Amino acid sequence: MTSPVWHPFFQHGLEEAIPLVSRAEGALLHLADGGTLIDGISSWWVTTHGHCHPRIAAAIAAQAGQLDQLVFAGYTHEPAEQVARGLIDLAPHSTDCDPLAHVFFSDSGSTAVEVALKMALGYWHNRALDGLADPRHRILVLQHSYHGDTIGAMSVGERGVYNAAWTPLLFDVGTIPFPYHGQEKETLDALETACAQNPAAFIVEPLILGAGGMLIYSPAVLQEMAAICARHDVLFIVDEVMTGWGRTGTLFSCEQAGVVPDIMAVAKGITGGAIPLAATLATSRIFDAHRSTDRSRLFYHSSSYTANAIACAAAVANLAIWREEDVLGRIATLSKGMAERLAQLGEDPAFTNPRQLGVIAAIDLIAADAGYLSDLGPRLRAFFLEQGILLRPLGNTIYLMPPYCLDVDQLDRIFAALSKAGDIFGVPA
């Protein structure tokens, strides 16, 4: 029987295999046909501690029998209050910056970014109403960035075939060149010039761009970006949806640069990857610009499932794991193991440009047809599926972002498959 399901980022016309996954545990996905897959990308970058983590699963079960859903417009519940307090406690802090002090809940990374953009524009709109600033509308973005697939999130991401159909809906932005190694000054000079034109905000993926090709830049550049924005009173927004929850080696990437943004979007690992939830954190000045006795100036954004109680209970359990367990220690051990194997693979003439940040590792396969829309990506996905590994290369860029429970044997199996892929698909220079 043909399935009626329409899958995301999947071309059904190619008739690729669609495995049926029946259950999961730790780093393993168990298939209905009896096979298993090692989840090498945390099921699209969300699963942190491992699938079906007992503490998170128990919290979900307990909450489901107590309070499942509550309208959040003017009502609240204890799981949401606990998550908000926990996020503020764990968020980047600095004595030189105003702290992130307010949490707005949503349900995905894309919507967390939409909320961040609306907060920024709402801030300048309300400041202008009060006669405290001129209106500001322009958003600055970083070249090759990706922030999601809703209209606002697509507008601040890289333009290409993946959003060409919706170009009439996307708003214009100012693009800052990516700070490739040796070209950092060009990026910072371009940002300085753009900020002098009084834009509303600058949004970045801190330290590493995900869907843009796992491109890495230094904490020093991130720090200077924030400083330039501060000098020009341009709101600095960081998208920690992918980079947060330990992926880059620290809880949040901003910590490595000593940066506290004006607005920060988080999602994916906020519940350990078990259930959808997102949040946008803001400083008090952003919140206070919307706080008024005038109801017309409230922050007009919501979704039916804002701060769903079951999702918040999962996040409460995840926050407890971060407080009570040595998660960063596990990340450091896994990162070391990945680095050792990546260095060996980097000597293979079929590969080039090995790079790593925390437990995110990437390497480029040298191939005759290496574009994002080439046949290489689907062929590699099918090959890794045959090897019992879930990976989704970005064109010729093969990346790993495994859950932190991945063991040595599983890591060896992944890198053995990568080496074999080089032998089969690589075209050494």
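Heads up: the structure comes first, above all this text.
Residues numbered from 1 in each chain as written. Predicted model: local features only at pLDDT ≥ 70, side-chain atom pairs only at ≥ 80, totals over all residues. Heavy atoms only, no water.

So, on to the pairing of strand β2 (residues 28-31). The pairing of strand β1 (residues 21-25) with β2 spans four bridges and is antiparallel. The residue of β2 that forms the bridge with Ala24 is Leu29. Connecting β1 to the next strand, β2, in antiparallel fashion are two residues, including Gly26 with a positive phi near 60°. Adjacent in sequence and paired antiparallel, β2 and strand β3 (residues 36-39) are bridged by four residues, among which Gly34 carries a positive phi angle near 100°. (Pairing = 2+ DSSP bridges. Helix = DSSP H or I, 4+ residues; strand = E, 2+ residues; numbered from the N terminus.)

On the surface, Phe9, Trp44, Val161, Tyr162, Tyr372 and Leu373 cluster together to form a nonpolar patch covering roughly 640 Å² of accessible area. Topologically, Tyr162 is positioned in the loop between α5 (151-155) and β6 (174-176). (Patch = residues over 30% accessible without salt bridge, like charges linked within 9 Å, V, L, I, M, F, W, Y side chains within 5 Å. Areas by Shrake-Rupley, 256 points an atom, 1.4 Å probe, with all protein chains shown as cover. Salt bridge = Lys/Arg side-chain N within 4 Å of Asp/Glu carboxyl O.)

Attention now goes to the state of the cysteines. Such a bond, covalent and formed between the sulfur atoms of two cysteines, is termed a disulfide. Within this structure, the stated rule accounts for zero disulfides. Between Cys52, a free cysteine, and Cys405, which holds the nearest cysteine sulfur, the sulfur-to-sulfur gap is 11 Å. (Disulfide = S-S within 2.5 Å.)

Take empty space enclosed by the protein next. Leftover empty space is mapped by rolling, across the atoms, a probe with the size of a water molecule. Under the criterion given, the structure shown has one cavity of 30 Å³ or more. When its volume is computed, the largest cavity comes out at roughly 30 Å³. Lining the largest cavity, in full, are Leu342, Leu345, Ala361, Ala362, Ile363, Ile398, Leu400 and Leu418. Mapped by element, the contributors of at least two residues to the lining of the largest cavity are α10 (327-345), β14 (360-365) and β16 (397-400). A total of three residues in the lining of the largest cavity trace back to one element, the largest contributor, which is β14. Each residue belonging to the lining of the largest cavity can be placed in one class, and the counts come to eight nonpolar, no polar and no charged. (1 Å grid on protein atoms, 1.4 Å probe; cavity = no way out; pocket = protein on both sides within 12 Å on 5 of 7 lines; lining within 4 Å. Points joined across faces, edges and corners; volume = space filled by probe spheres on them. Nonpolar A, V, L, I, M, F, W, Y, C, P; charged D, E, K, R; others polar.)

What follows is about the sheet that holds strand β11 (residues 263-266). The seven strands lie next to each other as β4-β12-β11-β10-β7-β5-β6, forming an open sheet whose pairing is mixed. The open sheet is flanked by β4 (100-106) and β6, the only strands paired with a single partner. Each neighbouring strand pair of the sheet contributes to a mean axis angle of 20°, computed without reference to strand direction. Here four bridges tie strand β7 (residues 201-204) to strand β10 (residues 235-239), and the two strands are oriented parallel to one another. (Axes fitted to C-alpha atoms, helices over the stretch in contact; angles between N-to-C directions.)

Moving on, we get to the sheet that holds β14. Judged by pairing direction, the sheet is antiparallel, and its three strands sit side by side in the order β13-β14-β16 without closing on themselves. Looking at which strands have only one partner, the edges of the open sheet turn out to be β13 (351-357) and β16. With strand direction ignored, the average angle separating the axes of adjacent strands in the sheet is 15°. Direction of pairing for β14 relative to β16: antiparallel, over a ladder of four bridges. The residue of β16 that forms the bridge with Ala362 is Tyr399. Set on the sheet, α10 makes contact with β13, β14 and β16; between it and β13 the angle comes to about 165°. (Contact = heavy atoms within 4.5 Å.)

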